[in-house]
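Chain residues, written in single-letter form:
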Amino acid sequence: MSDEKKGNRMQDGFSRRSVLGMGSAALAAATLAGFTAHAQTREGTRQAEGDHSSSNPGQENRALLAENPNSNTPPPTDNGDVGPIWYSFDLTKKRIQEGGWTHQVTQRELPSSTDLAGVNMRLTAGSFRELHWHTADEWSIMLYGNARVTVLNPDGTIFIDDVSKGDLWYFPAGYPHSIQGLGPDGCEFLLVFDQGMFSEDNTFLVSEWVAHTPPDVLSKNFGLPESALTTLPTSFLYIFPADLPKSLAEDKAAVGGQKVQSPIQYTFKMEAMAPTRRTTGGEIRIVDSHNFPVSKNVAAALNTIKPGGMRELHWHPNASEWQFWMAGKGRMTVFMPVGSARTMDFNANDVGFVPFNAGHYVENTGDTDLVFLEMFKASEVLDFSLNQWIRRLPPEMVYSHLKLDRNSIQTIPAEKLEILPR
Ligand code: MN
Ligand code: MN
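Description of the structure in this document.

The rules we used
Residues numbered from 1 in each chain as written. Chains lettered and ligands numbered in written order. Predicted model: local features only at pLDDT ≥ 70, side-chain atom pairs only at ≥ 80, totals over all residues. Heavy atoms only, no water. Pairing = 2+ DSSP bridges. Helix = DSSP H or I, 4+ residues; strand = E, 2+ residues; numbered from the N terminus. Donors = N, O, S within 2.8 Å, 3.2 Å for Na, K, Ca; no water. Salt bridge = Lys/Arg side-chain N within 4 Å of Asp/Glu carboxyl O. Axes fitted to C-alpha atoms, helices over the stretch in contact; angles between N-to-C directions. Buried < 20%, exposed > 50% of the residue type's maximum accessible area, 1.4 Å probe, protein only. Polar contact = N/O pair within 3.5 Å; in protein donor to acceptor, adjacent residues only side chain to side chain. Contact = heavy atoms within 4.5 Å. Phe/Tyr/Trp six-rings, centres within 6.5 Å; stacked < 30°, edge-to-face > 60°. Lys NZ or Arg CZ within 6 Å of the ring centre and 35° of its normal.

Read from one edge to the other, the open sheet built from five strands follows the order 20-19-22-17-24, with strand pairing classed as antiparallel. Edge positions in the open sheet fall to strand 20 (340–347) and strand 24 (384–385), since each of these has one partner strand only. Bridging between strand 19 (residues 329–336) and strand 22 (residues 359–364) involves six bridges; their strand directions are antiparallel. Among the inter-strand pairings, methionine 332 is bridged to a residue of strand 22, identified as valine 362.

See the structure below:
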């Protein structure tokens, strides 16, 4: 890295770390210090207007401003309107029942996300998310603890497995399934559904089906006298406490063993797999239908970016991107026609959104590893690297467009690195 680059990075790190203690005027001054002559936008040259343009003498929500300095005082390169790109699970209502809780970020909360919706759920040890099915495919990653999952195939075979932190499951639309928290402290997980308007409050529950079926019909269906049905639930269970299950081997044996065992694998160890790509700046793990065949409609990339590292400038030709931020902090700028760009800061438990085909980067602005998921309603993760594009073109063509000289062009990475080396 050149001395000039190091200097810029230090200056950047300084201004970012100092932001919490700054008033608006100081913040604006710090931002303007980074202003460069070429960064003139159609919103005008703030430099010419001086520091006072972004002064804010009125009221402020200081906690929110501190979380998102790049939104409050955008870089001068930001312009126009790209639509909402940020929301947070920490702004949503938690539905808490005995045994755990759930909350969601769907198209209702983040209107631009029409493809995917996300749910964050907690189950205490032994507690169930009750037997159910729904109209969307369900992709999930365990964030904490352990759970037992089951899913039935149409041919009558059943899949039962235990999942731990960093493991995935995938349940196709309509396939009935269950999730149960295991010891020592249950679990917490993220669910991603391939419908933006999906609601976790709107699923087919076994409790509600029996509660809304005439008892004589249930009696005929089960071949049981109505007197045996008086203990059935009369309203929803949804999340509820229960005893811890037997061992996985005992449960598998109890349902009929090998002869009813699903030939399809519905779980996958994502965090434990070798990185798809690794540089000195971090790692990316890609899981889609190529390595997890049941994951036909949802594709995922788990990024770990070291402090100062960056997910390179890129875009996705096949889907919009829904992000879940798991650890650390960073910023992203989303570029859209015509000349529009929006920069925002993200923290753990936030959701990010990138419109279909929009250019973007993700930069770690914190002092710890940034971990986030890129999620797509697609069978595979596809992206284009700006660096690689530039390096696959004749240098004269690149010079004509960007006025970069041949020597500079030769130092741009020629291969798609995903996460740039530090
Ligand atoms: Mn479900
Ligand atoms: Mn991306």
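In the first shell of the manganese ion (ligand 1), the protein supplies His132 (NE2), His134 (NE2), Glu138 (OE) and His177 (NE2), at 2.0 to 2.2 Å from the metal. Along the chain, the residues that donate to the manganese ion (ligand 1) are spaced as H-x1-H-x3-E-x38-H. A residue pair is termed long-range when its members are at least 10 positions apart, and histidine 132 in strand 5 (residues 128–133) and histidine 177 in strand 9 (residues 177–181) qualify at 45 residues.

Before going further, it helps to examine the pattern of salt bridges. Tallying each qualifying case throughout the model produces 18 salt bridges. Note that lysine 269 and aspartate 167 form a salt bridge whose closest N and O atoms lie 3.0 Å from each other. Taken together, the positions of lysine 269 in strand 13 (residues 267–269) and aspartate 167 in strand 8 (residues 167–171) put the pair 102 residues apart, joining distant regions of the chain. By sharing partners, the salt bridges in this structure join Arg277, Arg311, Glu374, Asp383, Lys416 and Glu418 into a single network.

This brings us to the sheet that holds strand 16 (residues 299–305). Strand pairing in a sheet relies on backbone hydrogen bonds, with the paired strands running either antiparallel or parallel. If you walk across this open sheet you meet the seven strands as 1-21-18-23-16-15-14, and the pairing is antiparallel. The outermost strands of the open sheet, each flanked by one partner alone, are strand 1 (86–88) and strand 14 (277–279). Taking each pair of neighbouring strands and ignoring which way they run, the sheet shows an average axis angle of 20 degrees. As defined by bridge partners, strand 18 (residues 321–327) adjoins strand 23 (residues 370–376) across five bridges and the pair is classed as antiparallel. Pairing of tryptophan 325 across the sheet is with phenylalanine 372, part of strand 23.

Attention now moves to the coordination of the manganese ion (ligand 2). A four-donor tetrahedral metal ideally has 109.5 degree angles, and a six-donor octahedral metal ideally has angles of 90 or 180 degrees. Protein coordination at the manganese ion (ligand 2): the donors are His314 (NE2), His316 (NE2), Glu321 (OE), His360 (NE2) and Glu374 (OE), at 2.1 to 2.2 Å from the metal. Counting gaps between the donor residues of the manganese ion (ligand 2) yields the pattern H-x1-H-x4-E-x38-H-x13-E. Highlighted residues: glutamate 321 in strand 18 and glutamate 374 in strand 23, separated in sequence by 53 residues.

The exposure class of histidine 132 is buried, given its relative accessible area of 2%. Polar contacts involving the side chain of histidine 132 include one to the side chain of arginine 129, which spans 3.3 Å. Excluding its chain neighbours within four sequence positions, the residues that come into contact with histidine 132 are Glu138, Tyr175, Pro176, His177, Thr203, Phe204 and Leu205.

The next subject is the packing of aromatic side chains. Tallied over the full model, the rule gives 14 aromatic pairs. Both rings, one in tryptophan 86 and one in tyrosine 87, keep their centres 6.4 Å apart while their planes meet at 45 degrees; by these two values the pair is tilted. Geometry around tryptophan 101 places lysine 94 over its ring, the cationic atom sitting 4.6 Å from the centre. Residue placement shows arginine 95 over the ring face of tyrosine 238; its charged tip is 3.7 Å from the ring centre.

In terms of backbone geometry, most residues other than glycine have negative phi values and most peptide bonds are trans. The step from glycine 183 to proline 184 runs through a cis peptide bond, and the omega angle for that step is 0 degrees. You can see proline 184 is positioned in the loop between strand 9 and strand 10 (187–193). Going from proline 337 to valine 338, the amide bond is cis rather than trans, its omega being 0 degrees. Tracing the chain through its elements places valine 338 in the loop between strand 19 and strand 20. Non-glycine residue asparagine 357 carries a positive phi angle of around 75 degrees. As for its position among the elements, asparagine 357 is in the loop between strand 21 (350–354) and strand 22. Phi at lysine 403 takes a positive value of approximately 60 degrees, unusual for a residue other than glycine. Examined against the element boundaries, lysine 403 turns out to sit in the loop between helix 10 (395–402) and helix 11 (406–411).

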